[in-house]
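Coordinates in review
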Amino acid sequence: MRFPHQIRLALPIAILLLALGALAFWPQSDAASAATPTLQDAAQREFTVSAHKYSFTPQQLDVRQDDLVKITLRTEDIAHSFTIDGYRIAKRVSPGQTVVFEFRADQPGRFPFYCNLTIDDGCRTMRGELIVKAK
Ligand SMILES: [Cu+2]
């Protein structure tokens, strides 16, 4: 009567070994590792943009395509906005406030930014440019 007892022990162990073997040969997902290098090449770029009557400082933001761009926006006087149509960005900042936002500069090219608020006529002269250099 020893033999059946040994089988009862051996069976779970065999199943366990088979399961471990299957895990070892489980196909690795290449999708994630293939997509990562592109973004790893990209840098995070940080800018502080100050809006005031009637311009932005700085007026030009230079980044490379796929950079993660982080902008800290503030105003030195009245409310202003930082608007880039090409990236569908429109951020409003009030006095005493700081607005922080991020976007991936995935499209190369030159993108004007401006203040779209109409409270003050002078705001229409507020212009700048985001330049995204192609990879
Ligand atoms: Cu403005």
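Owing to the predicted nature of the structure, the values given are computational and were not obtained by experimental measurement.

Here's the deal with the pattern of salt bridges
Evaluation of the coordinates by the stated rule reveals three salt bridges. Put simply, K135 and D66 hold a salt bridge, and the shortest N to O gap is 2.6 Å. Linking K135 in the segment after β9 (127–133) with D66 in the loop between β3 (60–64) and β4 (68–75), this pair joins segments that are 69 residues apart in sequence. Judged by relative accessible area, D66 falls into the buried class, the value being 12%. In this structure, E129 and R110 form a salt bridge, with 3.1 Å as the shortest nitrogen-oxygen distance. Placement of the pair is E129 in strand β9 and R110 in strand β8 (residues 109–114), with a sequence separation of 19 residues. For E129, a relative accessible area of 22% gives the class partly exposed. For R110, a relative accessible area of 56% puts it in the exposed group.

Observations concerning the nonpolar core
Judged by nonpolar contacts, the single largest core of 27 residues is most densely connected at I71, F82, Y87, F103 and L130. In contact with F103, not counting residues within four places along its chain, are D67, L68, V69, I71, Y87, I89 and L130.

Quick look at the coordination of the copper ion
Octahedral six-donor coordination of a metal ideally yields angles of 90 or 180 degrees, compared with 109.5 degrees for tetrahedral four-donor coordination. Bound to the copper ion on the protein side are H80 (ND1), C115 (SG) and C123 (SG), at distances that span 2.0 to 2.3 Å. Sequence spacing of the donor residues for the copper ion, all on one chain, is H-x34-C-x7-C. With H80 in strand β5 (residues 80–84) and C115 in the loop between β8 and β9, this residue pair connects regions lying 35 residues apart in the sequence.

Looking at the environment of G128
Here G128 is to be found in strand β9. With residues near it in sequence (within four places) discarded, G128 still touches F56, Q59, F111, P112 and F113.

Calculation notes
- Numbering of residues begins from 1 in every chain and follows the order in which that chain's sequence is written.
- pLDDT decides what is reported in this predicted model: residues at 70 or higher carry local features, side-chain atom pairs at 80 or more are listed and counted, and totals for whole chains, interfaces and linings draw on all residues regardless.
- Note that the side-chain values use all heavy atoms of the structure and ignore hydrogens as well as water.
- Should a side-chain nitrogen of Lys or Arg be within 4 Å of a carboxyl oxygen of Asp or Glu, the pair is scored as a salt bridge.
- Think of it this way: any DSSP run of H or I at least four residues long counts as a helix, any run of E at least two long counts as a strand, and we number them from the N terminus.
- Residue burial is assigned from relative accessible area. The probe radius is 1.4 Å, only protein chains are included, and a residue is buried under 20% of its type maximum, exposed over 50%, and partly exposed in between.
- What makes a nonpolar core is a set of buried Ala, Val, Leu, Ile, Met, Phe, Trp, Tyr and Cys residues whose side-chain atoms join them at distances within 4.5 Å.
- Contacts are assigned to residue pairs with any non-hydrogen atoms lying within 4.5 Å of each other.
- A donor here means any N, O or S atom no more than 2.8 Å from the metal (3.2 Å for Na, K and Ca); water is not included, so a site may seem to lack partners.

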